[in-house]
Each structure stands twice: as C-alpha cells, then as structure tokens.
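What follows is each chain in one-letter form.
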Amino acid sequence: MGLGAETRRRIAKRAAQEITHGMIVNLGIGIPTLVADYLKPELGVMLHTENGILGMGPSPDEGEEDGHLSNAGGYPVTLVSGASYFDSATAFGIIRKGYLDMTILGALEVSEQGDIANWIVPRKRVPGMGGAIDLAQKAKKVIVLMNHTNKDGGSKIVHRCNLPLTVQKGANMIITEMAVFHVREDHLELIEIMHPYTLEQIKRATEATFRVSPTLTTIQS
Amino acid sequence: MTEPKVPSKVVEMDQLASCFKNGMTLMCGGFGGVGAPPTLVNFILDLGVRDIELISNDVGFPWIGPGKLITEKRIKKLIASHIGSNPEAGKQMHDGELEVVFYPQGTLAEKIRAGGMGLGGILVDVGLGTLVEKGKQKVNVEDKEYMIEPALTADVSIVFAKEADIYGNLTFDKSARNTNPLVATAGDITIVEAERIVGAGELDPECIVTPGAFVDYVVPSKGVDWEWVWELRRADGSPNVPHKK
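Residues numbered from 1 in each chain as written. Chains lettered and ligands numbered in written order. Predicted model: local features only at pLDDT ≥ 70, side-chain atom pairs only at ≥ 80, totals over all residues.

(A) Geometry of the overall build of chain B. Along its length, chain B carries 5 helices and 11 strands. A globule of 245 residues ought to have a C-alpha radius of gyration of about 18 Å, and chain B, at 19 Å, matches this closely. Considered along the principal axes of its C-alpha atoms, chain B spans approximately 60 × 60 × 35 Å. Expressed as a percentage of the 245 residues in chain B, the buried residues total 51%. Expressed as a percentage of contacts within chain B between residues at least 6 apart in sequence, the contacts between residues at least 24 apart total 71%. (Helix = DSSP H or I, 4+ residues; strand = E, 2+ residues; numbered from the N terminus. Rg over C-alpha atoms; globule rule 2.2 N^0.38 Å. Buried ≥ 20, exposed ≤ 12 C-beta atoms within 10 Å, placed from the backbone. Contact = placed C-beta atoms within 7 Å.)

Structure below.
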C-alpha cells in the first residue's frame, strides 16, 4: 500500500528481468501479480498456482470468466498452451521437490540475512500462512517485492525481523521503489538504485547493514 | 459372460440427514470457495448441525462455500491454512468463539492425503525455524530433521465433482479440482455432489481422477448459488463490498 501504480509497475518490471526461458514461477498477490504483464510469450514461462494450475494465463475478457478457473486468490484466469490441472497435494509437491524455479512475493520485513516475515502480525493480523512458508522455503529463488519503508517511515529491510518468520535465510533478492539488493551468503549488497533516489537516501531509509556493489548502477525508468 | 451389476451410490439428499451430527468432524473440498460443494453446504445449514470441527484449506468468503458455516456460527474448531478472505472467521477467532489451527498449505494437503491413503502421518520440513515447529514431534532421517505431522481424517467428507458415475468415479472441473480429490479419500463417509451424474461405463476410465472405492454417496448438485467475489462490482466498475447472499 502507499505506492503509486507507476511505481508498483516499475518494481514488477524489474523483477520480470530475473525470469529466464522456460522457468516455472509462482507469483504472490499484490505487486508480484503485476510481473505477469512483463513476461513475453517467447519466454515460455509456466506460471504455477497453489490451487492447481501449471501454465496460468492472463485474466479473461469481461464476460469470458469461468467460476471454476481461477488463481489462488479466487480471481478468474485463463490458460496458456501446455497447461495442466492437478490437486493441491501435487501443487505443493512441485514446490517441495524443487521444481519451482522462482517465487516472487511481498513481505512485511526482510532481514540482512534474508529472513522473511510476511504472514502474521501477532494479535493484529492473523490470516494464516497459506502457501507462503512452503513457497519461501522451497522455491529455488525467492525475490521479495515491497515498499522500502512502512507507513510510519520505518525501514522494512532490517537487521533482524521483529515479526514471526516465514522462512530463515530465504530471500535471494529484494526489490523496492528505491533499490535492488542481492542477499549474499554473509551480507546484503546494493546492486541498483531506482532513479531519482540517491545512495544517501537509501542509507537513511535502510536499517540493515549493506555493502555497495562495485558495479552499482541506476535504473532510469 | 454377464456384465457385473455395479452398485449405485446415487441417493436423494434427504437420505443423508443422519450422516451429519452435532460435534462431528467435517472435511470440505475447495480453495477460496472454488470447488466447494454448494448444495451440501446448504443442506448442512438447513439441518441445523452445529459445533462442527471443520477441516478445509480455507473458509472461502463469508457468503461462499464453507464460509457460510462460519457466518452462521456452526463451526467450533477449524483446521485450515488461511482465513484471510473470510473476515468473519478472523473476528470469531479473536472473540474466542472459534478455535483455529493453521498449517502450511502443502502440509495440510498432504496430511489429508495421508489420511486418505491409510498412513499414520508424514515427515515434513516446511516451517522448521518458524512458529510452525512449536510443539511438534521431530525425527531425524538420514541426517535431515523433519516434523512428524499426523494424518487427518474426518467423520464425513463433502466433495464437489464435475462428473460422477453411479459408482462414484469422479472427474473435476479445471481449478475446482484443488483439494477435492484429497478430501474425497479421507472421510469415513464421503459424499459427493456432482454437476452431472452418468451411468457406469460412461466415463473414460483413463480420465477418472477419484476411483469410486473412496465414495459412499452421490447426489446431484443444484450448482453454485453465490456470487463470486469478482462478480461484485459497483456501478463505476470498482470492487464492491462483499455481501452475504
């Protein structure tokens, strides 16, 4: 919440650049859902859903919706060629066995070790973890898309997560409206700055300790 | 050679009333309400059954699928992975009216599958290092740590199929399949409502997802009687506030 539509799209577009030919990818709700708009058909990406689709396509045209063909959030979708349906145990077997190349998800907090907290705010918001823990722990690559700061201006990229964890050392990459970080084995590395933010602004807005990549670049649009 | 006469499991809904009792454990197919059995949920509501322990991936929306049983306060305990789409469930949980036990979605699905396959439980590492491992029995197998998750079964499973033949062989409809084939296996009594009921031999055996061995009763579905969340729109096209039908 709080980010304009253009900023959300910019984050999604950057995340889409991480997806390579033929990958099996699961997109979470919120900004991650927008990533699908930046996947060219020639990439041959197969989108996976927790409710049992491999090969999810875009939203149908109005009037073409089918109540029995939806994404994990319950909204109508279509299929791409080569798609399949399966039960929920199989949907999570694909994840646990390691066939999911990438998951792109939102978060409440990410630590400099790559710990992710995204499913519970004790006593305030207790919706249940759904598939978040399975995905964050078992996907081969985990990309977190989120606001750099919370609504009070506090950093969401922290030394250690305060909220209960979804996964320990799960995140591989963090993309916000300000910056792109790689989570390395023993440190966080700033690799890209989103124009018009500056390194100083990112340092001020980030609680976590991070190193600056020697090949730091700026994303212009 | 004579054809074996396949027993028919097709019954009238009213014959099933005695299957549902106060305090029962009930397992319900569906994911976000998609694939939840509408006619059987309404039947349970009409019977007035209460104090149910419900096992379901989620509880849909307050007016969709098993969400209706929450809204009418028929559920005393819920085993699920997510209730975020049903604020009424969240409210009852916070008010202490509804006990909720959460499992990671894949773990819950596999616990149900294990129940249906006659296993005692599963070994799973999803959630180690999080709140999920609290209170769990653990075991080391070939130098890897796992939690022991007992299998789940229920007094009655309710399932929504696309097609059933009279023996209870089932096919499902697109992503409305979800947890239904798992739930169908794990009930002491499994009741299926089907959009289409056909004679034995009319379904291609290669296409049957759930074999009839798991199914006790088949009833015809009256179809979905709720509006999907994406159908609720204000005049300006923006999402409407969900309402109970």
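(B) Representation of the domain arrangement of chain B in the model. Residues and elements named next belong to chain B. Domains assigned within chain B are domain 1 (22-102 + 153-222) and domain 2 (106-152). Placing a centre on the C-alpha atoms of domain 1 and another on those of domain 2 gives a separation of 23 Å. Opposite the 10 residues of domain 1 that make contact, domain 2 presents 9 residues. Per-element accounting of the side of domain 1 that touches domain 2 gives the leading share, 3 residues, to helix α5 (residues 180-185). Of the residues assigned to the side of domain 1 that touches domain 2, the class counts are 5 nonpolar, 5 polar and no charged. (Domains from an automatic or database assignment. Nonpolar A, V, L, I, M, F, W, Y, C, P; charged D, E, K, R; others polar.)

(C) Quick peek at the pairing of strand β10 (residues 187-198) of chain B. In terms of strand pairing, strand β8 (residues 154-165) of chain B meets β10 of chain B through 10 bridges, oriented parallel. Among the inter-strand pairings, S157 of chain B is bridged to a residue of β10 of chain B, identified as T190 of chain B. (Pairing = 2+ DSSP bridges.)

(D) Inspection of the pairing of strand β1 (residues 24-27) of chain A at higher detail. For β1 of chain A and strand β2 (residues 46-49) of chain A, the ladder comprises 2 bridges, and the chain directions are parallel. Bridging across to β2 of chain A, I24 of chain A finds its partner in M46 of chain A.

(E) Examining the packing of helix α3 (residues 88-96) of chain A against helix α4 (residues 105-116) of chain B more closely. Between α3 of chain A and α4 of chain B, the least distance of the axes is 9 Å, while the angle of their chain directions is 125°. Comparing their axes, α4 of chain B and α3 of chain A come out oblique. The two elements α3 of chain A and α4 of chain B meet at a crossing, and its hand is left-handed. Two secondary-structure elements touch here, α3 of chain A through S88, A89, F92, I95 and R96 of chain A and α4 of chain B through Q105, G106, A109, E110 and R113 of chain B. (Axes fitted to C-alpha atoms, helices over the stretch in contact; angles between N-to-C directions. Parallel < 35°, antiparallel > 145°, perpendicular 65-115°, else oblique. Left-handed = near helix turned anticlockwise from the far one by under 90°.)

(F) Representation of unusual backbone geometry in the model. Residue and element names in this part refer to chain A. Following H195, the chain continues to P196 via a peptide bond in cis, the omega torsion being 10°. Structurally, the position occupied by P196 is in the loop between β12 (188-194) and α5 (199-205). Although it is not a glycine, R123 adopts a positive phi angle of roughly 70°. Exposure remark for R123: the 7 C-beta atoms within 10 Å place this residue in the exposed category.

(G) Quick peek at the sheet that holds strand β3 (residues 53-57) of chain A. All names here are of chain A. With mixed pairing, the 10 strands of this open sheet are ordered in space as β4-β3-β2-β1-β5-β8-β10-β11-β12-β13. Across the chains shown, the open sheet's two edge strands, defined by having one partner strand only, are β4 (78-85) and β13 (210-219). Across this sheet, the average inter-strand angle for adjacent strands is 25°, counted without regard to direction. Sheet analysis places strand β8 (residues 141-145) next to strand β10 (residues 173-175), joined by 3 bridges and oriented parallel. The residue bridging L145 from the neighbouring strand is I175, located in β10.

(H) The arrangement of the nonpolar core in detail. Judged by nonpolar contacts, the single largest core of 121 residues is most densely connected at V144 of chain A together with V192 of chain B. Looking at which element gives the most residues to this core, the answer is β8 of chain B, with 7 residues. Looking at this core, you find at least three residues from each of domain 1 (22-102 + 153-222) and domain 2 (106-152) of chain B. V192 of chain B has contacts with V159, A161, A164, G168, L170, A184, V215 and V218 of chain B, leaving out every residue within four places of it along the chain. Within the second largest apolar cluster, 6 residues are counted, among which are F61, I64, V224 and V229 of chain B. (Core = buried A, V, L, I, M, F, W, Y, C linked by C-beta atoms within 7 Å.)

(I) The environment of C19 of chain B, seen in detail. Residues and elements named next belong to chain B. Mapped onto the secondary structure, C19 falls in the segment before β1 (25-28). The class of C19 is buried, set by 21 C-beta atoms lying within 10 Å. With 25 residues separating them in the primary sequence, C19 and I44 have C-alpha atoms 10.0 Å apart. Here C19 is in contact with V156, I189 and I191, once residues within four sequence places are set aside.

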